Amino acid sequence: MKKINGHPTMPIRKRILWIFLTGAMIYGVATAFRAGIPGMVFDLIRQQFGISAARTSGIASWRTFGSMLFIGFSGFLIDTGGWRRWLLTGAAMQTAGYLLIGGGTGVPMLYAGAFINGAGMTITYLSLLKLLDAEFPSRCFSLMIGVFYLFGYGGTLLGTTPFAGLLPIFSWQQILFGGSGFTLLLMVLLAGLFLSGKPATTATSALPRRRTPIPWRELGRRLATKPGLAIFLVTASSLGLYWSMLVGTAGKYLADTGIGSGPLALMNLIAMVEMIGGGAVSFLCGNRRKCFQITGAVLNASALLLVLTGTFCSGHAAAILTWFGLAMLGAGYGFTCINITAVREIMPPGLAATAIGLVNLAGDLLIIGLSQFSGALFDRFRSTGLTVEPNGYRLLFAVYAALALTAVPATRYLRETRGRNISSDR
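Describing the overall build of the protein chain
Helix and strand content of the protein chain: 16 helices and 2 strands. Across its three principal directions, the C-alpha atoms of the protein chain cover 70 × 50 × 35 Å. Considering the protein chain as a whole, with its 426 residues, one finds that 57% of them fall into the buried category. Long-range contacts, defined here as pairs at least 24 residues apart, represent 83% of the contacts in the protein chain between residues at least 6 apart. On the protein chain, roughly 16400 Å² of surface is accessible, and the fraction owed to carbon and sulfur atoms is 69%. Across the protein chain, the centroid of the 34 positively charged side chains sits 10 Å from that of the 13 negatively charged ones.

Section: the packing of aromatic side chains
Per the stated rule, a full pass over the model turns up 23 aromatic pairs. Taking the centre distance of 6.0 Å and the plane angle of 35° together, the rings of F292 and F335 count as tilted. Taken together, the residues F292 in helix α12 (residues 290-310) and F335 in the loop between α13 (315-333) and α14 (336-346) connect sequence positions 43 residues apart. Accessibility assignment for this pair places F292 and F335 in one class, buried. On the numbers, 6.0 Å between centres and 65° between planes, the contact of F397 with Y400 is edge-to-face. Taken together, the residues F397 and Y400, both in helix α16 (residues 390-410) and 3 residues apart, mark about one turn of the helix.

Considerations on the packing of helix α10 (residues 226-257) against α14
Direction vectors running N to C along α10 and α14 enclose 150°, while the axes themselves pass 10 Å from each other. Regarding the angle of α10 to α14, the classification is roughly antiparallel. As α10 runs across α14, the sense of the crossing is left-handed. Taking contact as the criterion, the partners of P227, G228, I231, F232, V234, T235, S238 and L239 in α10 are, on α14, T336, N339, I340, A342, V343 and I346. Of the residues belonging to the contact of α10 with α14, the class tally is 9 nonpolar, 5 polar and no charged.

Notes on the packing of helix α3 (residues 53-81) against helix α5 (residues 107-135)
Where α3 meets α5, the closest approach of the two axes is 7 Å, and the angle between their N-to-C directions is 35°. Along this stretch, α3 crosses α5, giving a crossing that reads as right-handed. Its residues placed into classes, the contact of α3 with α5 shows 15 nonpolar, 9 polar and 4 charged.

Side note on a nonpolar patch on the surface
A surface patch of nonpolar side chains, about 360 Å² in accessible area, is lined by W62, F65, L69 and F73. With respect to the secondary-structure elements, L69 resides in helix α3.

Describing the side chain of T225
Tracing the chain through its elements places T225 in the loop between α9 (216-224) and α10. For T225, a relative accessible area of 17% corresponds to the buried category. Among the polar contacts listed, one links the side chain of T225 to the backbone nitrogen of G228, at a separation of 3.2 Å.

Details of the pattern of salt bridges
Under the defined criterion, the tally for this structure stands at 7 salt bridges. For the salt bridge of D133 with R344, the shortest nitrogen-to-oxygen distance reads 2.8 Å. Here R344 lies in helix α14 and D133 lies in helix α5, a separation of 211 residues in the sequence. When its relative accessible area of 10% is taken as the criterion, D133 is described as buried. You can call R344 buried: its relative accessible area is 5%. A salt bridge links D256 to K252; its shortest N-O distance comes to 3.4 Å. Of this pair, D256 and K252 both sit in helix α10, 4 residues apart, which is roughly one turn of the helix. In this structure, a network of salt bridges that share partners links the residues D43, R46, K252 and D256.

Quick word on α16
With 21 residues, α16 extends 31 Å between its outermost C-alpha atoms, agreeing within 8% with the 30 Å of an ideal straight helix rising 1.5 Å per residue. For α16, the complete set of buried residues consists of G392, Y393, L396, F397, Y400, A401, A404, A407 and A410. Contacts from the buried residues of α16 go to α10, α12 and α15 (352-380).

Topic: the environment of L126
The topology assignment puts L126 in helix α5. Sequence-wise, L126 and I71 are 55 residues apart; in three dimensions their C-alpha atoms are separated by 8.4 Å. The residues touching L126, leaving out its near neighbours within four places in the chain, are I71, S74, G75, I78, A353, I356 and G357.

Observations concerning the nonpolar core
By size, the foremost hydrophobic cluster in this structure holds 111 residues, and its most contacted members are F148 and W172. No other element matches the 13 residues that α10 contributes to this core. Counting residues in each nonpolar core, the second largest holds 5 residues, with F70, M93, F115 and A119 among its members.

Quick notes on the rules
Residues numbered from 1 in each chain as written. Predicted model: local features only at pLDDT ≥ 70, side-chain atom pairs only at ≥ 80, totals over all residues. Heavy atoms only, no water. Helix = DSSP H or I, 4+ residues; strand = E, 2+ residues; numbered from the N terminus. Buried < 20%, exposed > 50% of the residue type's maximum accessible area, 1.4 Å probe, protein only. Contact = heavy atoms within 4.5 Å. Areas by Shrake-Rupley, 256 points an atom, 1.4 Å probe, with all protein chains shown as cover. Lys, Arg positive; Asp, Glu negative; His and termini not counted. Charge placed at Lys NZ, Arg CZ, Asp CG, Glu CD. Phe/Tyr/Trp six-rings, centres within 6.5 Å; stacked < 30°, edge-to-face > 60°. Axes fitted to C-alpha atoms, helices over the stretch in contact; angles between N-to-C directions. Parallel < 35°, antiparallel > 145°, perpendicular 65-115°, else oblique. Left-handed = near helix turned anticlockwise from the far one by under 90°. Nonpolar A, V, L, I, M, F, W, Y, C, P; charged D, E, K, R; others polar. Patch = residues over 30% accessible without salt bridge, like charges linked within 9 Å, V, L, I, M, F, W, Y side chains within 5 Å. Salt bridge = Lys/Arg side-chain N within 4 Å of Asp/Glu carboxyl O. Polar contact = N/O pair within 3.5 Å; in protein donor to acceptor, adjacent residues only side chain to side chain. Expected span 1.5 Å × (residues − 1). Core = buried A, V, L, I, M, F, W, Y, C linked by side-chain atoms within 4.5 Å.

Worth remembering: the numbers are spatial, not functional.
And the structure:
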């Protein structure tokens, strides 16, 4: 073991890997709670606080709003200031959000906690992706992003059926406080790793600290091209449709129809497997992107058409269509790991966090719109008790399907980047 100023320290590469894995676990805890609250406890929160479905959906919307607000500028700060300065900040904000939500005595505290939590998740997410961009070889980005998503979507999976399985034993607030304690322990470990030595001094890690101007004009020019607009539409629509379904819509629909949370868990499992392995498959196929992106867009549209069709059926037929539809949605969304990689490659080098932040901002706007629209429909088409009439779900999933269908023709304009940043338009 090497020494710095007389103190033992890990080798740089090993320490960077441990920092990445610890940060990924912190983000994984956040994704579990994003899936579980309010998705798995939607009606519990309504009853406990005596609020409408629209106001309950507001928890997800305020979390997304926090993410959206901070993603608009935190990517630039991380690109210019480096990921090390922001990783612990994001983790601390996540934890503060948990404590506010779990200890909330009214809707304002729930919303404030969700907002802070969403902001912290965004900073943690972009810091970790910038770490991958700066500290690992460029051609291996799609491989390493799969490792990152092992934690992110593993957490999401834990936030569905396993989270629901704990509810008969613990309250959702107790589960949240337990996750807060675990995150604090990981933050202590992360701080120790930061103090164990100096940062890596690779060529790419020096990019955030350069004094040359950020190429905003070139970034804007790339965004305005047909390939730039296409990759943003395909990626943002997949993000918005999947997460708005996950954080409230799908869980509520499955509960009202008596199908159970099984299809949601399957959707997450499929998405997780693809997000983990998709980058590796793309890498083995010569870092091809476009064929996977087209497949994902088609699967998303087909999935939501199946779910929509299921609202016109009942019993076994509805259940089968829902199972297949949500499984296909997970498969379609799973190609987002490749979409995110392609976003990085079609934009100027050195602005990875900024470009990824912008496409997530577009997805967040869609999540907010769909979450609030679904909550309004749930109130408008309220039936017996807290259930929603079939026509409410038919209208909702018709909108989802229409949005998914718009991404399919856009795929014709996607570019094949082959694992490198493009230098010019063709």
